[in-house]
Amino acid sequence: VTLSDTSLTILDSSGGELASLRHSYSQPILKAAGGHYLLYNQNSTGYMLVSGTEIKIDGSMERDILAGAVSNSGKFALATQGKEGASELTVYLANGEEQFTYSFAQDYITTLALNEDGTWAMVCTARSQGGELVSKITVFNLNQSDPVAEYEVQDNLLLGAYWGENDVLYAVGDGSLIRAKSSDLAFSEYSYDGRTPTAFQFAGGKLYLSVSAYQHAGPCTLLVFRGVEEPVEIQVAERVQALSVSGGTVGALVEQEMILYDASTGSELARADVGSDAKGVALANESTAYVLGGSEIRRLQF
């Protein structure tokens, strides 16, 4: 699946085109889960829900879209600029019927996540208070009108959210990771110790996160979080630009190479040249990857 500035394209494993769905979005963002794809125009109003290779919903919100999420069940959520307050969360059934709404008076939604069947939601927001950034995580049972849990942190902008299949919640911030089990929603922080994220990937209930003490280049530490326990640490000599995961293998795009690591032990498994134009990577399995180049997709066999 590839997203460009003009279309969402779905290809088979040999590169044959299954669908090419045109869009006119100036800032297209793609979210995917269980064969469902939510495509929306960030800071504008358009969105579409694609299941398989077909457009199921092609709609427009009344106010600009800030963030979105889709679940394995096809339920999806959109965060918009608020009608009266700062921002608003709306959750829809797979057929587009509105299921749940919640308005935030002072908090702007930065990212959000749904659980596997779309019955719970985690919303990350930001606001200014006394000249300081305050981020908040709000958890909803979508069968109840009020939040079931809230957690606030200062000077940590939340960039990505994930409700794992193992019922662990992750919120990746620019200064620390916040996580909790859904059974108790007791959030805790993991500090990056002054380092900043360079790439992260959610997969299989786990979080794969690279952090670096350097702004533009230099080595990284790749952290593999399997829940609320301490992560596996993998030292990478170059800057990690992108990550992809398959089974027990995590692939890191660095400079002109892709390096495969065992996610449990941190040991290096293989590496291969990806070309100077590589912008992204996707593991098809533990020995095959697709590389997104400047004008083509290449299959790489390790």
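Along each chain, residues carry numbers from 1 onward, in the same order as the chain's sequence is written. Per-residue local features are limited, in this predicted model, to residues with pLDDT of at least 70; the limit for side-chain atom pairs, both in listing and counting, is 80 or more; totals at the level of whole chains, interfaces and linings are taken over all residues. Side-chain figures throughout are based on the complete set of non-hydrogen atoms in the structure, without hydrogens or water.

J.: Quick question: what am I supposed to make of the sheet that holds strand 17 (residues 168-173) here?
T.: The pairing of strands in a sheet comes from backbone hydrogen bonds and takes either a parallel or an antiparallel form. If you trace the four strands from one edge of the open sheet to the other, you get 16-17-18-19, paired in antiparallel fashion. Edge positions in the open sheet fall to strand 16 (158-163) and strand 19 (188-191), since each of these has one partner strand only. In this sheet, neighbouring strand axes are inclined to one another by 20° on average, regardless of whether the strands run parallel or antiparallel. In terms of strand pairing, strand 17 meets strand 18 (residues 176-181) through five bridges, oriented antiparallel. Across the sheet, residue A171 finds its bridge partner in strand 18, namely I178. When DSSP finds two or more bridges between two strands, those strands count as paired. Comment: elements are numbered from the N terminus, with helices defined as DSSP H or I runs of at least four residues and strands as E runs of at least two. Every angle, taken between N-to-C directions, lies between 0 and 180 degrees, and every axis is a line fitted to C-alpha atoms, over only the stretch in contact when it is a helix.

J.: Teacher, can you tell me more about the pairing of strand 24 (residues 240-246) here?
T.: In regular strands, side chains alternate between the two faces of the sheet. By the criterion of burial, strand 24 is predominantly enclosed, with six of the seven residues buried. Sheet topology places strand 24 next to strand 25 (residues 249-254); six bridges connect them, and they run antiparallel. By the bridge assignment for strand 25, V245 is matched with V250. Linking strand 24 to strand 25, which pair antiparallel, is a turn of two residues; within it G247 sits at a positive phi near 60°. The buried label applies to any residue whose accessible area, calculated with a 1.4 Å probe on protein chains only, is under 20% of its type's maximum; exposed applies above 50%, and partly exposed to all values in between.

J.: Sorry, what's going on with a nonpolar patch on the surface here?
T.: Here, patches come from residues exposed beyond 30% relative accessible area and free of salt bridges, joined within 9 Å for like charges and within 5 Å for nonpolar side chains (Val, Leu, Ile, Met, Phe, Trp, Tyr). To be clear on the numbers: accessible area is Shrake-Rupley with a 1.4 Å probe, and residue cover counts the displayed protein chains and nothing else. In the sections that follow, a salt bridge refers to a side-chain nitrogen of Lys or Arg positioned within 4 Å of a carboxyl oxygen of Asp or Glu. Where nonpolar side chains cluster on the molecular surface, the patch consists of L11, L292 and I297 and spans about 220 Å² of accessible area. Inspection of the secondary structure puts I297 in strand 30 (residues 297-301). With a relative accessible area of 40%, I297 lands in the partly exposed category.

J.: Where do I start with the packing of aromatic side chains in this structure?
T.: Where two aromatic rings form a pair, the distance of their centres and the angle of their planes describe that pair. Here a pair means two rings of Phe, Tyr or Trp (six-membered ring of Trp) with centres within 6.5 Å. Their orientation is stacked below 30 degrees between planes, edge-to-face above 60, and tilted elsewhere. Throughout the structure, instances matching the rule amount to twelve aromatic pairs. Judged by centre distance (5.9 Å) and plane angle (45°), the rings of Y47 and F76 are tilted. Placement of the pair is Y47 in strand 6 (residues 46-51) and F76 in strand 9 (residues 76-81), with a sequence separation of 29 residues. Given the relative accessible area of 0%, F76 is considered buried. Taken together, a centroid distance of 5.1 Å and an interplanar angle of 80° make the contact between Y190 and F225 edge-to-face. Here F225 lies in strand 22 (residues 220-225) and Y190 lies in strand 19, a separation of 35 residues in the sequence. The pair formed by Y190 and F225 is uniform in burial state, with each residue classed as buried. Clustering of aromatic rings is evident, with ring pairs tying together F100, Y102, F104 and F140.

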